[in-house]
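Here is what each chain is made of, one letter per residue.
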Amino acid sequence: MEWAAVRRPRSGEVVCGDHPVAFDIGEGGALFGVIDGLGHGEAAAVAAQLAAEVVDRGRADPLDVLIQRCHLALTETRGVAMTLACVDFEANELNWIGIGNVAADLVAKHPSGVEVRSSALLVGGIVGYRIPQSLSPTHVPISPGDLLVMSSDGIAEQHLNDIDFAAHATTIAEQLVGRYGRETDDALVLAARHRGTA
């Protein structure tokens, strides 16, 4: 996977409460995610960092287990919204799960612009405060050339309208944050492209 994450804090803030996740999980997989600490500022950053550390320690575990572990670890924080996505290269499959409003979309280049191949199903809740009792990841196919775009709620909803698929993932993330980042909130975009096995 070719990937990059770009983030910036809310206007006037020094720290960003949005945190990216990107880990190898053996030769056949990769784990990506975006964690959005509630609100902004130092307390949001502390919650997001703690969640990222929990995910790092258990990166090879099932996604629902990672969410539950984060939930238990964050009870003394303000909590987070988070979406995790695991790519299984051998099965050509993407598994994802989201609590709160961290968007995740699998997109591809199309003659008419951008084709949204699938979007993560997000369920309500706050990790560290209240989450559903039953959590189950969604499974969708992924192919070489597909682009995973994950974004915090500091990115405007129409951010998928114009993606330069010829650009590197870093440029894509920079452009989306620059064009669609809200000044009133922390903003983060993670872009990950499936490059194939060649």
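Everything numeric in this text was worked out from a predicted model, so none of it was measured.

Give a detailed account of the pattern of salt bridges, specifying residues and quantitative values.
Following the criterion strictly, the structure yields seven salt bridges and no others. The residue Glu2 makes a salt bridge to Arg193 at a minimum N-O spacing of 2.7 Å. Residue Glu2 is located in strand E1 (residues 2-8), and its partner Arg193 is located in strand E11 (residues 187-193); the two are separated by 191 residues in the primary sequence. For Glu2, a relative accessible area of 12% gives the class buried. Members of the salt-bridge network, linked through shared partners, are Glu2, Arg193 and Arg195.

Let's hear about the sheet that holds E11: which residues, and what values?
If you trace the five strands from one edge of the open sheet to the other, you get E1-E11-E10-E6-E7, paired in antiparallel fashion. Of all strands in the sheet, those with a lone pairing partner are E1 and strand E7 (113-119), marking the two edges. The mean angle between the axes of side-by-side strands here comes to 25°, regardless of whether they run parallel or antiparallel. In this structure, E1 lies alongside E11, joined through seven bridges in antiparallel fashion. Within E11, the position partnered with Glu2 by the bridge is Arg193. Across the sheet, helix H3 (residues 169-180) touches E1, strand E10 (147-151) and E11, and the angle it forms with E1 is around 25°.

How would you summarise the packing of helix H1 (residues 42-57) against helix H2 (residues 63-73) if you had to cite specific residues and measurements?
Helices that pack against each other are described as a pair by the angle of their axes relative to one another and the distance between those axes. Where H1 meets H2, the axes come as close as 9 Å, and the angle between the chain directions of the two elements is 140°. Here H1 is positioned oblique relative to H2, judged by the angle of their axes. Crossing geometry of H1 relative to H2 is assigned as right-handed. Counted together, Leu50, Ala51, Val54 and Val55 of H1 and Leu66, Arg69, Cys70 and Ala73 of H2 form the full contact between these two elements.

Tell me about unusual backbone geometry, and name the residues and values.
Its identity is not glycine, yet Asn92 carries a phi of approximately 50°, on the positive side. On the secondary structure map, Asn92 appears in the loop between strand E4 (80-88) and strand E5 (93-99).

Mind laying out the environment of Val114, listing which residues take part and the relevant values?
Along the chain, Val114 turns up in strand E7. Overall, the relative accessible area of 22% leaves Val114 in the partly exposed class. Sequence separation of Val114 and Asp164 is 50 residues, and the distance between their C-alpha atoms is 9.4 Å. Once residues within four sequence positions are removed from consideration, Val114 is found in contact with Val107, Ala108, Leu160, Asn161, Ile163 and Phe165.

Quick notes on the rules
- Residues numbered from 1 in each chain as written.
- Predicted model: local features only at pLDDT ≥ 70, side-chain atom pairs only at ≥ 80, totals over all residues.
- Heavy atoms only, no water.
- Salt bridge = Lys/Arg side-chain N within 4 Å of Asp/Glu carboxyl O.
- Helix = DSSP H or I, 4+ residues; strand = E, 2+ residues; numbered from the N terminus.
- Buried < 20%, exposed > 50% of the residue type's maximum accessible area, 1.4 Å probe, protein only.
- Pairing = 2+ DSSP bridges.
- Axes fitted to C-alpha atoms, helices over the stretch in contact; angles between N-to-C directions.
- Contact = heavy atoms within 4.5 Å.
- Parallel < 35°, antiparallel > 145°, perpendicular 65-115°, else oblique.
- Left-handed = near helix turned anticlockwise from the far one by under 90°.

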